[in-house]
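Coordinate inspection notes
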Amino acid sequence: MARMKLKTEAVVLAADLIGTSVFAVEGALSAIHGNLDLLGVMVIAFIAALGGGVIRDMLIGATPPNAIRDWRYPALTFLAGLLTFIFHSSFQAIPTQLMLVLDAAGLSLFAVAGVEKATMFGIRPFVAMLLGTVTGVGGGVIRDILMTRVPAVLQTDIYATAAFFGAFIVLLGRRFGLSEGSAGLLGGLVCFTVRLLSVAYGWHLPKA
Amino acid sequence: MARMKLKTEAVVLAADLIGTSVFAVEGALSAIHGNLDLLGVMVIAFIAALGGGVIRDMLIGATPPNAIRDWRYPALTFLAGLLTFIFHSSFQAIPTQLMLVLDAAGLSLFAVAGVEKATMFGIRPFVAMLLGTVTGVGGGVIRDILMTRVPAVLQTDIYATAAFFGAFIVLLGRRFGLSEGSAGLLGGLVCFTVRLLSVAYGWHLPKA
Amino acid sequence: MARMKLKTEAVVLAADLIGTSVFAVEGALSAIHGNLDLLGVMVIAFIAALGGGVIRDMLIGATPPNAIRDWRYPALTFLAGLLTFIFHSSFQAIPTQLMLVLDAAGLSLFAVAGVEKATMFGIRPFVAMLLGTVTGVGGGVIRDILMTRVPAVLQTDIYATAAFFGAFIVLLGRRFGLSEGSAGLLGGLVCFTVRLLSVAYGWHLPKA
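For clarity, every value in this text was computed on a predicted model and none was experimentally measured.

Helix and strand counts for chain A stand at nine helices and zero strands. Moving toward the C terminus, one meets the helices and strands of chain A in the order α-α-α-α-α-α-α-α-α. On C-alpha atoms alone, chain A measures out to a radius of gyration of 17 Å, which is about the 17 Å that the 2.2 N^0.38 rule sets for 208 residues. When its C-alpha atoms are laid out on the principal axes, chain A stretches across 50 × 45 × 30 Å. Per-residue burial for chain A yields a buried fraction of 50% across its 208 residues. Sequence separation of 24 or more characterises 73% of the internal contacts of chain A that already satisfy a separation of 6 or more. Approximately 9,600 Å² of chain A is accessible, and the part contributed by carbon and sulfur atoms is 70%. Here chain A carries 14 positive and 11 negative side-chain charges, and the mean point of each set is 7 Å from the other.

Annotation from UniProt places "domain: Glycine transporter" (unreviewed entry) at residues 14–88 and 101–173 of chain A. In residues 14–88 of chain A, helix accounts for 83% and strand for 0%; the two terminal C-alpha atoms are 24 Å from one another.

Before going further, it helps to examine the relation of the copies chain A and chain C. The transformation that overlays chain A on chain C combines an axial shift of 0.0 Å with a rotation of 120°, and the residual RMSD is 0.0 Å. The relationship between the two copies is best expressed as a three-fold rotation axis. Closest approach to the rotation axis among the C-alpha atoms of chain A is made by Thr148(A), whose C-alpha sits 3.5 Å away.

This paragraph deals with the packing of helix H2 (residues 38–59) of chain C against helix H7 (residues 125–146) of chain C. All names here are of chain C. Between H2 and H7, the least distance of the axes is 7 Å, while the angle of their chain directions is 135°. Relative to H7, the element H2 is oriented oblique. The two elements H2 and H7 cross, and the hand of that crossing is right-handed. Counted together, Ile 44, Ile 47, Ala 48, Gly 51, Gly 52, Gly 53, Ile 55, Arg 56 and Leu 59 of H2 and Leu 131, Val 134, Thr 135, Gly 138, Gly 139, Gly 140, Ile 142, Arg 143 and Leu 146 of H7 form the full contact between these two elements.

Between chain A and chain C, the residue contacts involve 25 residues of the former and 26 residues of the latter. Regarding the contact of chain A and chain C, the summed buried area is about 2,100 Å², with carbon and sulfur atoms giving 77% of it. In terms of surface lost to chain C, no three residues of chain A exceed Asp37(A), Ile68(A) and Leu146(A), which account for 26% of the buried area on that side. Along the contact surface separating chain A from chain C lie zero salt bridges. Inspection of the chain A/chain C interface yields three residue pairs in polar contact (both at pLDDT 80 or more). Looking at the side of chain A that touches chain C, the elements that each hand over two or more residues are helix H2 (38–59), helix H4 (72–86) and helix H7 (125–146) of chain A. No other element matches H2(A), which puts seven residues into the side of chain A that touches chain C.

Accessible area lost upon the coming together of the parts is a frequently used measure of interface size. On the side of chain C, 25 residues touch chain B, which itself brings 26 residues to the contact. Across the chain B/chain C interface, buried area totals approximately 2,100 Å², and carbon plus sulfur atoms make up 77% of it. Per-residue buried area on chain B facing chain C is highest for Leu59(B), Leu154(B) and Ala208(B); these three make up 29% of the total on that side. Here chain B and chain C share zero salt bridges between them. Counting residues per element, the side of chain B that touches chain C draws most heavily on helix H7 (residues 125–146) of chain B, at six residues. Class assignment of the residues belonging to the side of chain B that touches chain C gives a composition of 18 nonpolar, five polar and three charged.

Turning our eyes to something else, we now look at helix H6 (residues 96–120) of chain B. A rise of 1.5 Å per residue sets the reference length of H6(B), with its 25 residues, at 36 Å; its end C-alpha atoms lie 36 Å apart and thus fit the reference within 8%. Looking at the residues trailing H6(B), positive phi occurs at Gly122(B), about 80°.

The next point concerns the relation of the copies chain B and chain C. Laying chain B over chain C is done by rotating through 120° and shifting 0.0 Å along the axis; what remains is an RMSD of 0.0 Å. When the interface residues of chain B are mapped onto chain C, a mere 12% of them are again interface residues, pointing to distinct binding faces.

The linkage connecting Thr63(A) with the following residue, Pro64(A), adopts the cis geometry, with an omega of -10°. Here Pro64(A) lies in the loop between H2 and helix H3 (66–69). Even without being a glycine, Asn35(B) presents a positive backbone phi close to 70°. Looking at the secondary structure, you find Asn35(B) in the loop between helix H1 (2–33) and helix H2 (38–59).

All names here are of chain A. The end-to-end C-alpha distance of H7 is 31 Å, a good match for the 32 Å that 22 residues give at a rise of 1.5 Å each. The sharpest bend along H7 comes to roughly 50°, located at Val 137. The element H7 is largely enclosed, with a buried count of 18 among its 22 residues. With its phi angle positive at about 50°, Thr 148 sits one or two positions after the end of H7.

Right, let's talk about a nonpolar patch on the surface for a bit. Residues and elements named next belong to chain A. A surface patch of nonpolar side chains, about 420 Å² in accessible area, is lined by Leu 79, Leu 82, Leu 83, Ile 86 and Phe 87. Its place among the elements puts Phe 87 in the loop between H4 and helix H5 (88–92). Residue classification places Phe 87 among the partly exposed residues on the basis of a relative accessible area of 44%.

All names here are of chain C. With respect to the helices, strands and loops of the structure, Ser 108 is situated in helix H6 (residues 96–120). Residue class for Ser 108 comes out buried when judged on its relative accessible area of 5%. Non-local contacts of Ser 108, meaning those with residues more than four positions away in its chain, are made with Gly 188, Cys 191 and Phe 192.

To continue, consider the nonpolar core. The nonpolar side chains of soluble globular proteins are, as a tendency, buried together. By size, the foremost hydrophobic cluster in this structure holds 190 residues, and its most contacted members are Leu131(A), Leu131(B) and Leu131(C). Not counting the four nearest positions on each side in its chain, Leu131(A) is found in contact with Arg56(A), Leu59(A), Ile60(A), Ala118(A), Ile123(A) and Ile68(B).

Below, the discussion takes up the packing of aromatic side chains. As enumerated under the stated definition, the model contains 15 aromatic pairs over all chains in all. Look at Phe126(B) and Phe78(C): their rings are 6.1 Å apart centre to centre, the planes differ by 85°, and that puts the pair in the edge-to-face class. Of this pair, Phe126(B) sits in helix H7 while Phe78(C) sits in helix H4 (residues 72–86), which puts the two residues in different chains. Taken together, Phe46(A), Phe78(A) and Phe126(C) form an aromatic cluster joined through their ring pairs.

Cut-off values and rules
Residues numbered from 1 in each chain as written. Chains lettered and ligands numbered in written order. Predicted model: local features only at pLDDT ≥ 70, side-chain atom pairs only at ≥ 80, totals over all residues. Heavy atoms only, no water. Helix = DSSP H or I, 4+ residues; strand = E, 2+ residues; numbered from the N terminus. Rg over C-alpha atoms; globule rule 2.2 N^0.38 Å. Buried < 20%, exposed > 50% of the residue type's maximum accessible area, 1.4 Å probe, protein only. Contact = heavy atoms within 4.5 Å. Areas by Shrake-Rupley, 256 points an atom, 1.4 Å probe, with all protein chains shown as cover. Lys, Arg positive; Asp, Glu negative; His and termini not counted. Charge placed at Lys NZ, Arg CZ, Asp CG, Glu CD. UniProt positions renumbered as here; feature names shortened; annotations may be inferred. Least-squares fit on C-alpha atoms with pLDDT ≥ 70 in both. Axes fitted to C-alpha atoms, helices over the stretch in contact; angles between N-to-C directions. Parallel < 35°, antiparallel > 145°, perpendicular 65-115°, else oblique. Left-handed = near helix turned anticlockwise from the far one by under 90°. Buried area = accessible area lost by both parts, 1.4 Å probe. Salt bridge = Lys/Arg side-chain N within 4 Å of Asp/Glu carboxyl O. Polar contact = N/O pair within 3.5 Å; in protein donor to acceptor, adjacent residues only side chain to side chain. Nonpolar A, V, L, I, M, F, W, Y, C, P; charged D, E, K, R; others polar. Expected span 1.5 Å × (residues − 1). Bend = angle between axes of the 7 residues up to and from the residue. Patch = residues over 30% accessible without salt bridge, like charges linked within 9 Å, V, L, I, M, F, W, Y side chains within 5 Å. Core = buried A, V, L, I, M, F, W, Y, C linked by side-chain atoms within 4.5 Å. Phe/Tyr/Trp six-rings, centres within 6.5 Å; stacked < 30°, edge-to-face > 60°.

Written out as structure tokens, the structure is:
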């Protein structure tokens, strides 16, 4: 039993590190595309990966935010930014499809982790779902603001919507008696699936 | 006496809901104008209405901010955003004059509520006035940043200035022995009047 | 001994006021250049001077941030903004070289103060250096965002890098047994020197 718990923790940690790295690499590529210098690339990598969690933690009063309480997270994102900077032509050669899948995985993980942390801090369900969504998309929003672009997430695609839906499933699953782990897994899978289906079938939210 | 207090509370609550809704509708219209999708419209409605209070609460350390502690506020703004999205041609037909008056009412209410909350948290008068102003204009500033526009409030009009002046009158009234309620009412009226006079007479702050 | 301590405190206070004023004047000039009105100029002066410290304080949970806890700081920056607005042609006549030197001094001071405050709040070294850097450059970043420009600090120059390096020296000095005051002085001098050398010799970070 204890061994299985250890295994679960290792999986969660691995998923967290992968999600953070993917978001950091995406941020760095976007910063390189925007002609920022090495420092700019590393900062955008950091913000794209950890900004959502920082907003969530500051809103719920969990200061200092986890992203700066544990030095390994900023260090990981700076490293990811640096490597992307050095080997940017290799990174740019990663197939779009693969990046989309990895990004959807990161989004799912962050949304689930966000709703779970908010609940742990006593936030009520509806707002907890919002905070899960913010955890998933907040880094990208700050990244876009810093690069003076209207945040992509406000304009197109089922992205924040997938995160919100996944967070909803987490809470629904718990309400129906699922364990915390199972509810999280189910919500993550739903977010992941909705996101990829929306890309595959070109789903969009309506415009007025 | 108790009945009168109840009546006052009902008036304050009604004013708060109206102010929040007006700011949310204005935000949503601005987002529709900027070609955002349904989610973008709802997010901007939320931020335009509640962003100022969130900044104030985070600055004074009142976390989680009231806007997310009480689920009815985000729910109200999302609903306002959704309705504005669906019936946007009706909303766009609201006479500019009426929107200006409602907006001035919302600004006055938020400025007064902001200076009162800051004072309650032990913030000194000068800074409390600033926080009242931030409560009134902060949502519009974040809305403009997200839509990559220089915040309107920094460029033209007596808007933040009216909020600051109203907040000043609240504290002045208290200093001269007015009750909290009377000082708030007086400050709100002053903000409202200054704002509408400035529009009517085309007052502007100087530029260099 | 007590007399010497008093003298040190007076020097630190004077440096702090000078640094804050320089950043406020620079912010105000930038806002005038961007055609903002009087209020906009005063707000940008406030944010450029105190925004970095506000971000730092909110991240480490030191609310309300020092910049609004002590009314003299906002008052000083508003006054600096007002004076810059009125006498803007005189301020614009200040030689670029002098502004560069004063700005480098402000940056050094803020970076050192930032890393020291972060350490005092129990933040670990690597993140404390980041927070020192944020204290130095954060105000300029918010200023640029409000004026819808990609933050200068992400694009060019050895600026944030100098701040980070100075913060690093502060912690290194302490590790090697220097007193807090000496380590701070050394770190500040290093930041100041690196910054000015980078301008003199046109050093830049690489782009991809």
